[in-house]
Every structure is written in structure tokens, then in C-alpha cells.
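For reference, the chains in residue letters:
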Amino acid sequence: MITIYDVAKKAGVSPSTVSRVLNNYDNVTEKTRVKVIKACNDLNFIPNANASNLKKRTTRTLALFIPDIENPFFTSVLKGFEGKAFKSGYNTIVCDTDENFELEKSYTQMVLEKRIDGVAVSTISRSKGHLEEIVSRKIPLVLIDRKIKDFDVDIVCGDSTQGARDLVGHLLEQGYSKTAIIIASQHLSTSKERIEGYKSVLREAGIEINQSYIKVDKQNDGYSREAAYQMTKELLTECQESDRPDSIFAGNNLMALGVYQAVREMGLKVPEEMAIVCFDNLNLTYEIEPFFTAAVQPAYTMGMMAADILINRIEENYEGNVQQVILKPDIEIRKSSLGIGK
């Protein structure tokens, strides 16, 4: 049986040097690398999966950064991404950043150290410097769901503005004319776009925007169920009964859970006294009655397309124009917004 020591002897190098070559470390000269690869080929030495990729110096590994693996939306993104990667012969490293910017930066360093072939990121997006370092190393990168201003890279995302417009428009059609919004910090592109969609529909309907109905989380980086609960409690406590909103647009599915809890604790019936709509579905493990009307984004497709873009960049050395894929959400109408006149 051929061992790493046989390869080292034939190449005229130390076993540790052979190991560094096999693991794609940078601290080896190209001349030495060629000698080791030739020795491996001459001896028909195949230590592991890395051996078939020595010449390409790839790891056949992709990384996916998601902000909350417990959110069914991102679980579906992961399934789509990992499924496409696996069929194409790639492994996936999943990095759950927990809506934490420092953790996101830490995972970025890991990507650089482990020579990951491509990276997909649903980012906290307070800064782009750490992601620019990935791009500067010629590692393909694609953003999922969340954009970063003035960062010219591939992206697959949903149309948050249009989805918000459709949700608020639906509420108006149902007779709800006093809609509040509970949303994450506007440093997130999805949050900013959903507020824009919310406001634009009200303006077009001739409804004056009530600033007290707009509650933006300024404490957390991402979408927080707990923050949504607190903001909803504040909203309903501050308003006199005559000024109370008759509906709430929650920024995403987990925020909708916080809204729902607060509304029920305040003694209001959903949807008779308060309608609730949101972005993205919950799975059936959440026992909510009535279930939420939602702008449902094609999360599985987002993940699959992001992996496809990365693999194309890696295997075809595609250096063409940046790809921007924007997918329209579908509005799934359920009982949580069908209370007036029922």
C-alpha cells in the first residue's frame, strides 16, 4: 500500500510538505507542488477526495451563510442550495450567523482559511468590507435574499417592495384601512424595501401615513420575534381605541409570531379586531389559528439558483456580467386577514 511517506521519498520532500500540498496550503512553491503531484500520479496514490482536485486546487466545498436556521424560510433556502450542490458533486458548509455581524465576520475568516470554492451569503449587511475580502481572493460570492448597497456581486432575492405592496393592497381590499407595520432595522435591504412598499400603497390610496403606526426595531441586527412582541405591545398601548390600527403587517414570519402573541395578550381577536399579514410561511410545527396571510417567496428556488450561479462561476471560470435574479413572491390569503364583515 502506497503511503504519504512513499510519495515524499519519490518527490524528494518531507511528508509534511506532501501534506501541505494535498491540503492546498499556500506556503508551498509551485515547483514543489508540481513535484508532489507528479509523484502522486506516478505512484497512483489517492489519499482522499482532495487528490482528484490537486491540479485544480479546489476543495469541492461551498459555504452558505444564513442568519437564522430555525426560520423555515432559510431552512428551505438551505435545502435548495444543498440539493443543487450535492447533485453537482459539492459539499456544503452551513454557517448560521444568528443575525450577528461579528459571527458573520468570523465565518468569513474561516472561509478564507479553508479555501472554500464559493460562498453564498444572506448578510447582516452593516458593512461589506469582510465580504469584499472574499471577492478580492477571486472566490465566487453570491448574495441571497438581502442586498448590499454599492456591492456589485451576483444576487438572488425576492421582490420585497412588490410583496409589501401586494399585502397592504390586499388588506385595503378587505376593508382594513389603518394598517401598522412592525419591521426590522432599515439597514437590512429587505426591511427598507418592505417599508417603501407599505408606504407607496397607502399614498396611492390617498391614506395619510401615520408615523406612530411604523415601528422599526433599532436594537437588533435582524428580524426578531421578541422585538416584534415588544413593539406591538408599545403600539397598542400608545394608541387610543379610536386610533388603534385594525391590521398589522409584520416584517417576516417570526416577527408575525411576536405580533400575534402581543395582540392576543391585549385581548384582541384575530382577524375580527386585528388582521395580521407577513412575509414568508411558517411550517406546521407552529400551531397558529388563524394561519397568516403571507407574501411567500420561493425560498427553495433561491437556494438552488444561488448554488447554480456559484458552480457555474467555479467550473466554467465564468467572469461575465453580474447576475441579479429577483423572484416575485406569491400572496397566499388565509384567515388572518379575512375578518371584516365576516
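Being a predicted model, the structure only gives us computed values, none of them experimental.

Asks: If you had to explain the overall build of the protein to someone new, which residues and values would you point to?
Replies: A tally of regular secondary structure across the protein gives 11 helices and 12 strands. In terms of its C-alpha atoms, the protein occupies a principal-axis envelope of roughly 85 × 35 × 30 Å. Here the protein holds 342 residues, and 53% of them are scored as buried. A separation threshold of at least 6 residues defines the contact pool for the protein, and within that pool the share at least 24 residues apart is 70%. If you sum the accessible surface of the protein, you get close to 16,300 Å²; carbon and sulfur atoms cover 46% of it. Of note, the protein has its 42 positive side-chain charges centred 7 Å away from the centre of its 47 negative side-chain charges.

Asks: Account for the nonpolar core, naming residues and giving values.
Replies: In this structure, Ile182, Tyr198, Ile248, Phe249, Val259, Val263 and Phe292 are the most contacted members of the largest nonpolar core, which totals 50 residues. It is helix H10 (residues 253–265) that contributes the most residues to this core, seven residues altogether. Once residues lying within four places of it in the same chain are set aside, the contact partners of Phe292 are Ala256, Leu257, Tyr260, Ile276, Cys278, Leu282, Glu332, Arg334 and Ser336. One finds Ile66, Phe73, Tyr90 and Ile144 within the second-largest nonpolar core, a separate group that totals 24 residues.

Asks: Now, about the sheet that holds strand E3 (residues 118–121): what can you tell me, with residues and values included?
Replies: Strands pair in a sheet through their backbones, by hydrogen bonds, and they do so in one of two ways: parallel or antiparallel. The strand order across the open sheet built from six strands is E2-E1-E3-E4-E5-E11, with neighbouring strands paired in parallel fashion. In the strand order of this sheet, the two ends are held by strand E2 (91–96) and strand E11 (324–327), each with one partner. Averaged over all pairs of adjacent strands, the angle between strand axes in this sheet comes to 15 degrees, irrespective of strand direction. Where strand E1 (residues 61–66) meets E3, four bridges bridge the pair, whose relative direction is parallel. Each residue of the ladder has a partner; that of Ala63, found in E3, is Val119.

Asks: Go over the pattern of salt bridges, please, and point to the residues and values.
Replies: The tally for this structure, following the rule as stated, stands at 15 salt bridges. For the salt bridge of Lys84 with Asp308, the shortest nitrogen-to-oxygen distance reads 3.4 Å. A residue pair is termed long-range when its members are at least 10 positions apart, and Lys84 in helix H4 (residues 72–87) and Asp308 in helix H11 (residues 299–315) qualify at 224 residues. Through salt bridges with shared partners, a single network forms among Glu99, Asp145 and Arg146.

Asks: So what's going on with helix H7 (residues 160–173)? Which residues, and what values?
Replies: With 14 residues, H7 ought to run about 20 Å at 1.5 Å a step, and its terminal C-alpha atoms sit 20 Å apart, in line with that. Count one or two residues on from H7 and you reach Gly175, which has phi positive near 100 degrees.

Asks: Describe in detail the state of the cysteines, supporting the description with residues and values.
Replies: Among covalent bonds in proteins, the disulfide is the one between the sulfur atoms of two cysteines. Counted according to the given criterion, the structure contains zero disulfides. Cysteine Cys157 remains unbridged, with the sulfur of Cys278 as its closest cysteine sulfur at 19 Å.

Asks: Describe the packing of aromatic side chains, with residues and values.
Replies: Counted by the stated rule, this structure contains five aromatic pairs. With a centroid separation of 6.0 Å and 55 degrees between ring planes, the pair formed by Phe65 and Tyr107 is classed as tilted. With Phe65 in strand E1 and Tyr107 in helix H5 (residues 101–113), this residue pair connects regions lying 42 residues apart in the sequence. The buried category is assigned to Phe65, whose relative accessible area is 0%. Here the aromatic rings of Tyr260 and Phe292 are separated by 5.9 Å at their centres, their planes lie at 75 degrees, and the arrangement is edge-to-face. With Tyr260 in helix H10 and Phe292 in the loop between strand E9 (275–279) and strand E10 (293–296), this residue pair connects regions lying 32 residues apart in the sequence. An identical accessibility class is assigned to Tyr260 and Phe292; each is buried. Joined through ring pairs, the aromatic side chains of Tyr260, Phe291 and Phe292 make up one cluster. Above the ring of Tyr90, the side-chain terminus of Arg60 is found at 4.0 Å from the ring centroid.

Asks: If you had to explain the packing of helix H1 (residues 4–11) against helix H3 (residues 30–43) to someone new, which residues and values would you point to?
Replies: Running from N to C, H1 and H3 point in directions that differ by 120 degrees, and their axes come no closer than 9 Å. With respect to each other, H1 and H3 are oriented oblique. For H1 against H3, the interelement crossing comes out right-handed. Of H3, the residues touching H1 (which contributes Asp6, Val7, Lys10 and Ala11) are Lys35, Val36, Ala39, Cys40, Asp42 and Leu43. Its residues assigned to classes, the contact of H1 with H3 shows six nonpolar, no polar and four charged.

Asks: Give a detailed account of the packing of H1 against helix H2 (residues 15–22), specifying residues and quantitative values.
Replies: Two elements in contact, H1 and H2, have axes whose closest approach is 8 Å; the angle formed by their N-to-C orientations is 105 degrees. When the axis of H1 is compared with that of H2, the two are roughly perpendicular. Facing Ile4, Tyr5, Val7 and Ala8 of H1, the residues of H2 in contact are Pro15, Val18, Ser19 and Leu22. A breakdown of the residues in the contact of H1 with H2 according to their chemical character gives seven nonpolar, one polar and no charged.

Asks: Before we move on, can you summarise the confidence of the model for the protein with the specific residues and values?
Replies: Caution applies to low-pLDDT regions: their predicted coordinates should not be interpreted in detail. Here the protein averages 90 in pLDDT, while 93% of its residues score no lower than 70. A low-confidence stretch, residues 49–55 (pLDDT under 50), is modelled with 11 contacts involving residues beyond four sequence positions or located in other chains.

The rules behind the values
Residues numbered from 1 in each chain as written. Predicted model: local features only at pLDDT ≥ 70, side-chain atom pairs only at ≥ 80, totals over all residues. Heavy atoms only, no water. Helix = DSSP H or I, 4+ residues; strand = E, 2+ residues; numbered from the N terminus. Buried < 20%, exposed > 50% of the residue type's maximum accessible area, 1.4 Å probe, protein only. Contact = heavy atoms within 4.5 Å. Areas by Shrake-Rupley, 256 points an atom, 1.4 Å probe, with all protein chains shown as cover. Lys, Arg positive; Asp, Glu negative; His and termini not counted. Charge placed at Lys NZ, Arg CZ, Asp CG, Glu CD. Core = buried A, V, L, I, M, F, W, Y, C linked by side-chain atoms within 4.5 Å. Pairing = 2+ DSSP bridges. Axes fitted to C-alpha atoms, helices over the stretch in contact; angles between N-to-C directions. Salt bridge = Lys/Arg side-chain N within 4 Å of Asp/Glu carboxyl O. Expected span 1.5 Å × (residues − 1). Disulfide = S-S within 2.5 Å. Phe/Tyr/Trp six-rings, centres within 6.5 Å; stacked < 30°, edge-to-face > 60°. Lys NZ or Arg CZ within 6 Å of the ring centre and 35° of its normal. Parallel < 35°, antiparallel > 145°, perpendicular 65-115°, else oblique. Left-handed = near helix turned anticlockwise from the far one by under 90°. Nonpolar A, V, L, I, M, F, W, Y, C, P; charged D, E, K, R; others polar. pLDDT = per-residue confidence, 0-100.

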